[in-house]
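Next come the chains, spelled out residue by residue.
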Amino acid sequence: MTMSTEMASHSQILVEEKSSVRILTLNRPRQLNALSSNMISRLLQLFRAYEEDPSVTLVILKGQGRAFCAGGDLRPLLSYVIQGKWRLGAAFFADQYTLNYVLATYSKAQVSILNGIVMGAGAGVSIHGRFRIATENTVFAMPETAIGIFPDVGASYFLSRLPGFFGEYVGLTGARLDGAEMLACGLATHFVPSTRLTALEADLCTVGSSDPSFASKILDAYTERPNVKQNSAYHRLDIIDRCFSRRTVEDIISALEREFTQIPDDWISSTTQALKKASPSSLKISLRSIREGRLQGVGHCLIREYRMVCHVMKGDLSKDIVEGCRAILVDKDKNPKWEPRRLEDINDRMVDQYFERLEGLEDLKFPPRNNLRASSIAAKL
């Protein structure tokens, strides 16, 4: 790391030391705290150092401004794809997934304060941690299928563990959830009104033990159980389970359309339209990824997702990431021209290729961990 990149990473991750607690603040508010390569490297360095330091008992992670973290910084990744430098993109994801794995197996209590936008990579640095605090300002989404990617950062692990087939719904449609919905489905562990966050943080800074039960008692004293809004998708779990349990994306869409003929419902219509607008390739690989994730530990999920993202970055199977980023992030015409254009043009063999290791590229290998839960162990693919 050069002097300038080191300075950038230090200014983009603010560090406060309060007794035995460390508070890390993602500090790119104008970019909604999108994670850069430097930020990921710095977070990995800090979390590893705190885990080894006996004087640190608790780590708090939060974001500056109106976002916790709106995702990864896609612009440099997009330029790597266009320039054919996909291995640089692969290195970015290798670091990011290693950070996700370290957080999923972290031995000390970690509290993420999600007071704003939490999307994509932002979920990766929070949902794997022990405590996730939602507020009335929280907006969660995994919007990857709309830009030609797939829910990664271990999403195939945590989405597949949501009630019923709610994870398939969230992962395929990119649906936005508020704080109450996050708490209800388990993505958040607590809900605290934003006006009480300063007091909560002050109380958490008195934690003198790395035993998570001490932080848990403080969080429990602040948490509330807000009502899930009446029009929430979470109240439609029966329809979601009937439709999103289907074997293929085509079957899911057909099931939704049949539901609509029986109960004309704006939610069913908008859900169907979200699927039809997304990248067909992304939908197919995302569904399979979440389904496989149900039976795998988080390490296994991240290793598989690394294979998948390397294919996406290389662009040998599809260039939908370039087209999706153009339509949604660059030109903003919201009219991507996907290729292949139709779900029925993508057969099982085409999907299989995303899950195969790229020739000449090793599978992701994680650092040894002392806090391996059974569900976290990375099995061989």
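In this text, all values refer to a predicted model and were calculated from it rather than measured experimentally.

Points about the UniProt feature "domain: Enoyl-CoA hydratase/isomerase" (unreviewed entry) in the chain
Piece 1. UniProt records the feature "domain: Enoyl-CoA hydratase/isomerase" (unreviewed entry) for residues 21–355 in the present numbering.
Piece 2. Across residues 21–355 one finds 51% helix and 10% strand; the C-alpha atoms that close the span lie 40 Å apart.

What to know about the pairing of strand β3 (residues 58–63)
Piece 1. Among the six residues of β3, five are classified as buried, and the element is accordingly described as predominantly covered.
Piece 2. Sheet topology note: the strand β2 (residues 21–26)/β3 ladder contains six bridges and is parallel. The residue bridging Val21 from the neighbouring strand is Leu58, located in β3.
Piece 3. With helix α2 (residues 37–52) bridging β2 and its parallel neighbour β3, the resulting β-α-β unit is right-handed.
Piece 4. One ladder, built from four bridges, connects β3 with strand β5 (residues 109–114); its direction is parallel. By the bridge assignment, Val59 is partnered in β5 with Gln110.

Here's the deal with the sheet that holds strand β4 (residues 67–69)
Piece 1. Pairing is mixed across the open sheet formed by four strands, whose spatial order is β4-β6-β8-β9. Where the open sheet ends on each side, the last strands, each with one partner, are β4 and β9 (177–178).
Piece 2. Two strands pair when backbone bridges link them, and strand β8 (residues 139–141) and β9 are joined in this way by two bridges, in the antiparallel orientation. Across the sheet, the residue bridging to Val139 is Asp178, located in β9.

Brief notes about the environment of Ser160
Piece 1. Tracing the chain through its elements places Ser160 in the loop between α6 (155–158) and α7 (166–173).
Piece 2. Along the chain, Ser160 and Asn335 lie 175 residues apart, while their C-alpha atoms are 30 Å from each other.
Piece 3. Residues within four places of Ser160 in sequence aside, it is in contact with Ala155, Ile290, Gly293 and Arg294.
Piece 4. Engagement of the side chain of Ser160 in a polar contact is seen with the backbone oxygen of Ser156, the distance being 2.7 Å.
Piece 5. In this structure the side chain of Ser160 is engaged in a polar contact, spanning 2.9 Å, whose partner is the side chain of Arg161.

Definitions and cut-offs
Residues numbered from 1 in each chain as written. Predicted model: local features only at pLDDT ≥ 70, side-chain atom pairs only at ≥ 80, totals over all residues. Heavy atoms only, no water. UniProt positions renumbered as here; feature names shortened; annotations may be inferred. Helix = DSSP H or I, 4+ residues; strand = E, 2+ residues; numbered from the N terminus. Buried < 20%, exposed > 50% of the residue type's maximum accessible area, 1.4 Å probe, protein only. Pairing = 2+ DSSP bridges. Right-handed = clockwise from strand over helix to strand, strands pointing away. Contact = heavy atoms within 4.5 Å. Polar contact = N/O pair within 3.5 Å; in protein donor to acceptor, adjacent residues only side chain to side chain.

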